[in-house]
Amino acid sequence: MKIVYCHCSLYNPGGMERVLLNKIEWMSRNRDWEIVVVTTDQNGRAPFYQFPEGVRLVDLGINYTDDKFIPLYKRIPSYIRKRSLHRRRLTELLMQERPDITVSLYPSESSFIPSIKDGSRKILELHFNRYFRLQYGRTGLTGLLDRLRSRTDSKLAGRFDRFVVLTDEDRGYWGSLTNIEVIPNAALISAAHSNCTAKRVIAVGRLDYQKSFDRLIDVWAKVRSDKRSEGWTLDIFGRGEWKDMLADRISQLGLTDSVTLNAPTDRIADEYATSSMLVMTSHYEGFPMVMIEAMSAGLPVVTFDYKCGPRDIITHNSDGLIVSDGDSDAMAESILALMSDDSRRAALGKRAMSVADRFSEERVMQMWMNLFEKVLE
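Keep in mind it's a predicted model, so treat the numbers as computed, not measured.

Asker: When you look at the overall build of the protein in this model, what are you seeing that I'm missing?
Answerer: Scanning the protein for helices and strands turns up 13 helices and 13 strands. For 377 residues, the compact-globule estimate of 2.2 N^0.38 gives 21 Å, and the protein sits close to it at 21 Å. Along the first, second and third principal axes, the C-alpha atoms of the protein reach 65 × 50 × 40 Å. The distance from the centre of the 52 positive side-chain charges to the centre of the 51 negative ones in the protein is 5 Å.

Structure representation (structure tokens):
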């Protein structure tokens, strides 16, 4: 069988890229399939993660992100031209490759990929949630476009042979779509586990609006004002356009002695093992890989109750703590409560490791194999 995955790029150390790599590695070990990953914005950069030998990586050279900072009146016509080029080049590639299954990781080619008549079954895989376009709260023409596109997403998703979301919570937001399926991300079992004794809090993700580390830094300022946090540090791992802004915020709040911005690492499991809790202050997620990875390494998680993921993964006060979204005082108090209670922190961390069973790689990949078999029937 031949399968084509479509994604924007592979040079970032993001959750989507890591999930894609994990799936492809599993299929390379367990199936004799031909796998092609097609990107639009690789722009000559090397993938952050090393993909298995034999997996072909093809970049279409569209480079949507080159237009990110140009004025809107130029961006719209440029986007229209690039989407037309994208459609033409992807159609040519699929007609040449003739895959059995084509998977779009959403959203750049999702508007036109179901109409490409290459004979493959088309699957749309959403790594965000139903309301991801509205999370920025933009106004004016950009906000209008966000709202219009959000309204048409359900119709777009319905055109695919299957539409895959990550959580039961998100499935409920899509209404009565008949082609929708829930397949979570897998938790890779960590070889190293934390004993939750280090006075270290960890946060991981891209330095941008979605992950909202500005909210975390503000929470940390509240935490540090309490004597229960004495000796504790916060390490944030990631890169992105907010790096300078976050560094300035850390400095302005006088937190440089306890907060460090670190570059991404491909040995994040080792960092989990030397930490005692993960904190997440995202505005939204699809299914937070960081959360299940940290839990599988024995870390309790303190998280805002954003859409989507926490309610599907965490049992509040059993293997982590869920705080009302945006309530920075409650978040600070929850963090302090775990800092000051070694036995409770360790107990939550021990129970958190059960996530590896609930979202095991074998279980999740079997769900994908079943889905592929169904669409090919």
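Picking up after the structure, the text goes on.
Asker: Just checking my understanding: could you explain the environment of Val-165 for this structure?
Answerer: Secondary-structure assignment places Val-165 in strand 6 (residues 162-165). Sequence-wise, Val-165 and Glu-181 are 16 residues apart; in three dimensions their C-alpha atoms are separated by 6.3 Å.

Asker: Is there a simple way to explain helix 3 (residues 140-157) in this structure?
Answerer: Side chains three or four residues apart in an α-helix point the same way, a direct result of the helix having 3.6 residues per turn. Relative to the 26 Å expected for 18 residues at 1.5 Å per residue, helix 3 spans 26 Å between its end C-alpha atoms, a close match to the ideal helical length. Of all bends in helix 3, the biggest is about 30°, found at Arg-151. Here helix 3 has its buried residues at Gly-143, Asp-146, Ser-150, Asp-153, Leu-156 and Ala-157. Each element contacted by the buried residues of helix 3 is listed here: strand 5 (121-125) and strand 6.

Asker: I keep staring at the pairing of strand 2 (residues 34-39) and nothing clicks. Help me out?
Answerer: Each regular strand displays side chains that alternate between the two surfaces of the sheet. Among the 6 residues in strand 2, 5 count as buried, and that is most of the element. Looking at chain direction, strand 1 (residues 2-6) and strand 2 are connected through 5 bridges and run parallel. Bridging across to strand 2, Ile-3 finds its partner in Ile-35. Taking the sense of rotation as the criterion, the β-α-β connection linking strand 1, helix 1 (residues 15-30) and strand 2 turns out right-handed. Bridge analysis of strand 2 against strand 3 (residues 56-59) gives 4 bridges, and the strand direction is parallel. Note that in strand 3 the partner of Thr-39 across the bridge is Asp-59.

Asker: What exactly am I supposed to notice about the sheet that holds strand 10 (residues 259-262) here?
Answerer: Two pairing modes exist for strands in a sheet, parallel and antiparallel, and in both the strands are linked by backbone hydrogen bonds. The 6 strands lie next to each other as 10-9-8-11-12-13, forming an open sheet whose pairing is parallel. In the strand order of this sheet, the two ends are held by strand 10 and strand 13 (320-323), each with one partner. Each strand axis lies, on average, 20° off the axis of its neighbour in the sheet, ignoring direction. In terms of strand pairing, strand 12 (residues 301-304) meets strand 13 through 4 bridges, oriented parallel.

Asker: What am I meant to see in the packing of helix 5 (residues 213-224) against helix 10 (residues 328-339) here?
Answerer: In a pair of packed helices, the angle between the axes and the distance between the axes together describe the arrangement. At their nearest, the axes of helix 5 and helix 10 sit 9 Å apart, and the two run at 55° to each other. Classified by the interaxial angle, the pair formed by helix 5 and helix 10 is oblique. For the pair helix 5 and helix 10, the sense of crossing is right-handed. Here Val-219, Trp-220, Lys-222 and Val-223 of helix 5 come into contact with helix 10, specifically with Ser-328, Asp-329, Met-331, Ala-332, Ile-335, Leu-336 and Met-339. Classifying every residue of the contact of helix 5 with helix 10 gives 8 nonpolar, 1 polar and 2 charged.

Rules of the game
Residues numbered from 1 in each chain as written. Predicted model: local features only at pLDDT ≥ 70, side-chain atom pairs only at ≥ 80, totals over all residues. Heavy atoms only, no water. Helix = DSSP H or I, 4+ residues; strand = E, 2+ residues; numbered from the N terminus. Rg over C-alpha atoms; globule rule 2.2 N^0.38 Å. Lys, Arg positive; Asp, Glu negative; His and termini not counted. Charge placed at Lys NZ, Arg CZ, Asp CG, Glu CD. Expected span 1.5 Å × (residues − 1). Bend = angle between axes of the 7 residues up to and from the residue. Buried < 20%, exposed > 50% of the residue type's maximum accessible area, 1.4 Å probe, protein only. Contact = heavy atoms within 4.5 Å. Pairing = 2+ DSSP bridges. Right-handed = clockwise from strand over helix to strand, strands pointing away. Axes fitted to C-alpha atoms, helices over the stretch in contact; angles between N-to-C directions. Parallel < 35°, antiparallel > 145°, perpendicular 65-115°, else oblique. Left-handed = near helix turned anticlockwise from the far one by under 90°. Nonpolar A, V, L, I, M, F, W, Y, C, P; charged D, E, K, R; others polar.

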